[in-house]
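# Coordinate inspection notes
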Amino acid sequence: MSSADLFLGGDTGESAYRAAMGRATDAVLSSFADDEDPYSGFSPEELADQFAEPVLPETGTGLAAAIDEVEDRVLSHSVGTSNPQCVAHLQCPPLIPGLAAEMMVAATNQSLDSFDQAPAATVIEERVVAALCSLFDLPAVADGVFTSGGTQSNVQALLLARDRFCGTQFGRDVQQQGLPPEADDLRILCSAEAHFTGKQAAHHLGLGEDAVVTVPTDERHRMDVDALDDTLTDLEGTPFALVATAGTTDFGSIDPLAAVADRAREHDLWFHVDAAYGGALAVTDRAPLLDGIERADSVAVDFHKLFYQPISCGALLVRDAASFEWMARNAAYLNPEAHDDAGVPNLVAKSMQTTRRFDALKPYLTFRALGRDGLAALIEGTLELAEDAAELVAAAEDFELLGEPTLNAVVFRYRPEQGLAEETVDRLNAATREALLSDGRAIVARTTVDGVTSLKFTLLNPTTTLDDVAAMLDIIRECAAAVSGQEVPR
Ligand SMILES: *Cc1c(COP(=O)(O)O)cnc(C)c1O
């Protein structure tokens, strides 16, 4: 291969690109065609054994052979995220418009850290951010930035909250001077079922996980507002942020955002809404479930979940663009003066990343192509399926439904007989989950509810049907019977 075959630009590059993309597309499609089941069932050892040859050989195999090898050994043993019976995590089947955008993002390789590296991309990211701010009814001065996902959005939101608080309360410039002596007392409040990245963020921000105070949840797994009031009254330490979750990972539950917003205002706390999962409701008829989100100081929303975009794709929105001042830095080589002078956008100042992908193109292309109603129909279909699936589980004598779904997550246990000890149910469900993974016909999640291992369907995929759900319940019965040494009930 000459360099003309290896880079875009020029006729040779163009035909090499077409050939490579065509071959890669064929590899993807044929791996899908070969695999009826969402997973091959290969163990970690079996996977590793396939890759005995050197990763970096002295002489390469050429692209076609390398792609074929990837098809055989990687694509065939990837979890089938587009398979209707792959329903474990908040891992979505990627939408075809998102995949088309991803290909354009890669080929153009724009980097959002400076305008001269991404002119149109910079403007599109700003347009998408503005559209999101208005989708969540944030005020006109709101702003935002694309992130790698909820983890980064949450840590950045809490960083802005921390630094604003330390600046206004203690006159401390954390960016320059580090944490103030009072930092030991700083507290972040969230529900007991909030995502673990809240605690992780507290660690990364130098506050430690003990700075996170969790508020008990009600029977529907939402933050209990009375308990929040008690927590605020009894709290030792200095709270600066109150985090509500719109879509918890296990139950999809949504904290009472308006009531939590009231408490945040009363106690002068930064109100962050982690809507990584549930933010997508804003385009649907169920948008009222998010009432109160418009009062947030910051919102985390993920596109690589219920918006069906390829990983990674998320955004952090802030109520007031001026909040970004707390983290702005000016690298001379990125020409901040020129930006200020000419009114040229300077997105690097808003991000924790420097070189940054043009992920905003994925929701942009999808929104333009499908429109709000197209997207809403996809999402609403999955919410209805989750309700029907929950009914099916509840009606089955050998299954136990653990709560009504709010979004797409249906949590349950296999309980073949009444009166089984919780310990037995725990072991049976844990062993069944193991068996499911090596079986490969259904990818189901495990979680723990009240200390007992449980199973979970996260029904994000709009192509999954109630028949698929029924088939997966049968597969669970079979796997459970196999691990408990019983006959398969037919
Ligand atoms: C997925 C999720 C996160 C983490 O986001 P990533 O995109 O995985 O970084 C945080 N909070 C909630 C509620 C989530 O669902």
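Structure's up top.
Computed from a prediction, not measured in an experiment: that's the story for all the values here. Each chain carries its own residue numbering, running from 1 in the written order of its sequence. Totals for whole chains, interfaces and linings use all residues, but because this is a predicted model, local features are given only for residues with pLDDT of at least 70 and pairs of side-chain atoms are given and counted only at 80 or more. As a rule here, side-chain values come from all non-hydrogen atoms in the structure, and water together with hydrogens is ignored.

### Details of the sheet that holds strand S10 (residues 445-449)
Pairing is antiparallel across the open sheet formed by four strands, whose spatial order is S8-S9-S11-S10. Since the sheet does not close on itself, it has two edges, and those belong to strand S8 (399-401) and S10, each with one partner. If you compare each strand with its neighbour and ignore which way they point, the axes differ by 40° on average. Strands were regarded as paired on the criterion that DSSP finds at least two bridges between them. In this text, helices come from DSSP runs of H or I with a minimum length of four residues, and strands from runs of E with a minimum of two, each type numbered from the N-terminal end. Pairing of S10 with strand S11 (residues 452-458), which is carried by five bridges, proceeds in the antiparallel orientation. The partner of Thr447 across the bridge, within S11, is Ser454. To obtain an axis, a line is fitted to C-alpha atoms, over the contacting stretch when the element is a helix, and the angle between two such axes runs from 0 to 180 degrees between their N-to-C directions.

### What about the layout of surface pockets?
The calculated volume of the largest pocket comes to roughly 1,200 Å³. As for the largest pocket, its lining consists of 41 residues, of which Val28, Phe32, Ser82, Pro94 and Leu99 are closest to the centre. Within the residue set of the lining of the largest pocket, elements represented by two or more residues are helix H2 (10-34) and helix H5 (96-108). Looking at the lining of the largest pocket, the element that brings in the most residues is H2, giving seven residues. Polarity classes work like this: nonpolar for Ala, Val, Leu, Ile, Met, Phe, Trp, Tyr, Cys and Pro, charged for Asp, Glu, Lys and Arg, and polar for all others, with Gly in that last group. In terms of residue class, the lining of the largest pocket is made up of 24 nonpolar, 14 polar and three charged. Space inside the second largest pocket adds up to approximately 350 Å³. Taken together, the residues of the lining of the second largest pocket sort by class into eight nonpolar, three polar and three charged. The definitions used throughout rest on a 1 Å grid laid over the protein atoms alone, on which a cavity is an enclosed set of points accommodating a 1.4 Å probe that cannot get out and a pocket is an open set flanked by protein within 12 Å on both sides along at least five of seven lines; lining residues are those having an atom within 4 Å of a point. Grid points are joined across faces, edges and corners, and a volume is the space filled by probe spheres set on the points.

### A look at the side chain of Gln309
Relative to the elements of secondary structure, Gln309 occurs in the loop between strand S6 (298-302) and strand S7 (314-318). The exposure class assigned to Gln309 is buried, which follows from its relative accessible area of 1%. The residues contacting Gln309, other than those within four sequence positions of it, are Cys92, Leu95, Gly98, Phe303, His304, Lys362, Pro363 and Thr366. With a 1.4 Å probe rolled over the protein chains alone, any residue whose accessible area is under 20% of its type maximum counts as buried; one over 50% counts as exposed, and the rest are partly exposed. Contacts between residues were defined by any pair of non-hydrogen atoms, one from each residue, lying within 4.5 Å.

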